[in-house]
Structure formats: structure tokens, C-alpha cells
Amino acid sequence: MSDSIAGTVIDCLEFARSGGVLERNVGLDELPRLAELLTTTAGFLSVRLEGWRDDQGKSWLQLDIAGAPVLCCQRCLGGVKFPLAIRSRLQLIAPGEDWPDDDLEDDSADAITAETALTVLSLVEDEVLLALPIAPRHEQCESPLASASGHGASPFAALADLKKH
Ligand SMILES: [Zn+2]
């Protein structure tokens, strides 16, 4: 029994029509684009993908992702744990079907092309990357540059240092 979704490909509309459900843990080391932003690829994300058709005949996917990847702080370069709790609702648009009018759609859902061979892992990685902060930082920390070379410190402190010698 494999617990991985590496290589799992779904036909979106078929997945929705059959009420498909996928529940897996995805190792952070399975997500190369995300891994580049992390201080460690140990750990995993809990992923749940569910499909259904509503009574208007629309097809949907709902993707839930939870986990706490450790990002690299842009100030001190240390690890910042970033709790993730993503829920994405995606309306599947079949070829030839009209795209929903943005103004009429509620903001909680996006529309995507109903691919016949959707790589689940790529969808998961895309959603996680969208949810991450552009410049992750600790709420409070000190730049190692600032403390090591005096950058950012008061010029008077540097003068006082000189006088001591
Ligand atoms: Zn920091």
C-alpha cells in the first residue's frame, strides 16, 4: 500500500461525476518548487481532494491542505513555521463550456479548466505556493548582519566602541 500521490493523475470531470475522494499525506520532499523555499523538507502536508456535481450540473473539486512547513526567515535566515490551512473550491470548466462571469461568482471559488489528466501533486503545490507569504519573517528577530557588523545600530554606539580602544 502506497501512501504517496506522486504520479497520481485524475480525469477531473470523471472524478467529480463519481464523487471521488483522495486523502493522502504528501511529503514536503515531493514538492520541489515548495522545497526550495523551506529550511527543511522533513514533514508532510495532509491533503484531501474531493469531487462532486451539484444539482445544476456543475462539477467541482474541493482541495484541503493542512500542515506547517518551515520557511526561511528573510531577516535572520532562520526557520519560520508557517501553519497552513487551505480550502480551495474549484469549479471545473469543460471544453466549450462558458467560463463563469467573475462578477457573479462568489469569491470563495475559482474556475479551472477540467483537464483529463490533472496531476494532483502539481495542483497541491500550486495552491500551497499561492498561500505562502512573499517574504516570510519572524515577528521579532534580529538580522545577523545587523548584529555582526553594526549596520542598523546607532552610529553613536560605533563611536563609543572606538573610544574604548
Ligand atoms: Zn527571523
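Source: prediction; values computed, not measured.

> Sorry if this is basic, but what is going on with the overall build of the chain here?
Within the chain one finds 5 helices and 9 strands. The order of helices and strands in the chain, counted from the N terminus, is β-α-β-α-β-β-β-β-β-β-β-α-α-α. Counting only residues that meet the buried cut, the chain has 18% of its 165 residues in that class.

> Explanation requested: the environment of Leu121 in the structure shown.
Along the chain, the position of Leu121 falls in helix α3 (residues 120-131). Put simply, Leu121 and Val26 are 95 residues apart on the chain and 8.2 Å apart in space, counted from C-alpha to C-alpha. In contact with Leu121, other than residues within four places in its own chain, are Ile5, Ala6, Thr8, Val26 and Glu30.

> What am I meant to see in the sheet that holds strand β3 (residues 44-53) here?
In any sheet, the strands associate via hydrogen bonds between backbone groups, in a parallel or an antiparallel arrangement. Taken together, 5 strands build an open sheet; the order of strands is β2-β3-β4-β7-β8 and the sheet is mixed. The sheet is open, and its two edges are formed by β2 (21-27) and β8 (109-113), each paired on a single side. In this sheet, adjacent strand axes meet at a mean angle of 25 degrees when their direction is disregarded. Across the sheet, α3 touches β2, β3, β4 (59-67) and β7 (84-93), and the angle it forms with β7 is around 125 degrees.

> Before we go on, may I ask you to explain α3 in this structure?
An ideal rise of 1.5 Å per residue puts 16 Å on 12 residues; α3 measures up with 17 Å between its terminal C-alpha atoms. For α3, the set of buried residues is Val120, Leu121, Leu123, Val124, Glu125 and Val128.

> I tried to follow the environment of Ala114 on my own but got confused; where do I start?
With respect to the secondary-structure elements, Ala114 resides in the loop between β8 and β9 (118-119). When the C-alpha positions of Ala114 and Gln91 are compared, they lie 8.4 Å apart, and in sequence the two are 23 residues distant. Once residues lying within four places of it in the same chain are set aside, the contact partners of Ala114 are Cys12, Leu13, Ser59, Leu92, Ile93 and Ala94.

> What's the story with the nonpolar core in this structure? I'm lost.
Where a protein is soluble and globular, its nonpolar side chains tend to be buried together. By size, the foremost hydrophobic cluster in this structure holds 23 residues, and its most contacted members are Cys12, Val26, Val47, Leu61, Val120 and Val124. When contributions to this core are tallied by element, the ones reaching two or more residues are α1 (12-17), β3, β4, β7 and α3. Sorting elements by how many residues they give to this core places α3 first, with 5 residues. Apart from the residues within four sequence positions on either side, Val47 is in contact with Ile5, Arg24, Val26, Ile65 and Val124.

> Help me understand unusual backbone geometry in this model?
Note: most peptide bonds trans; most residues except glycine with negative phi. At Leu77, a position not held by glycine, the phi torsion is positive, near 65 degrees. The residue Leu77 is located in the loop between β5 (70-72) and β6 (79-81) in this model.

> Can you walk me through the environment of Leu49 in this structure?
Tracing the backbone through its elements, the reader meets Leu49 in strand β3. Under the C-beta neighbour-count criterion, Leu49 is labelled buried, with 24 such atoms within 10 Å. As a C-alpha pair, Leu49 and Leu63 span 14 residues in sequence and 4.6 Å in three-dimensional space.

> Could you clarify how one ought to interpret the pairing of β4 in this entry?
Side-chain positions along a regular strand alternate between the two faces of the sheet. The sheet contact formed by β3 and β4 spans 8 bridges and is antiparallel. Opposite Arg53, over in β4, you have Ser59 as the bridge partner. Linking β3 to β4, which pair antiparallel, is a turn of 5 residues; within it Gly57 sits at a positive phi near 85 degrees. Bridge count for β4 against β7 is 9 bridges, and the pairing is antiparallel. Across the sheet, residue Gly67 finds its bridge partner in β7, namely Leu84.

Conventions and cut-offs
Residues numbered from 1 in each chain as written. Predicted model: local features only at pLDDT ≥ 70, side-chain atom pairs only at ≥ 80, totals over all residues. Helix = DSSP H or I, 4+ residues; strand = E, 2+ residues; numbered from the N terminus. Buried ≥ 20, exposed ≤ 12 C-beta atoms within 10 Å, placed from the backbone. Contact = placed C-beta atoms within 7 Å. Pairing = 2+ DSSP bridges. Axes fitted to C-alpha atoms, helices over the stretch in contact; angles between N-to-C directions. Expected span 1.5 Å × (residues − 1). Core = buried A, V, L, I, M, F, W, Y, C linked by C-beta atoms within 7 Å.

That's the geometry; what it means functionally is another story.
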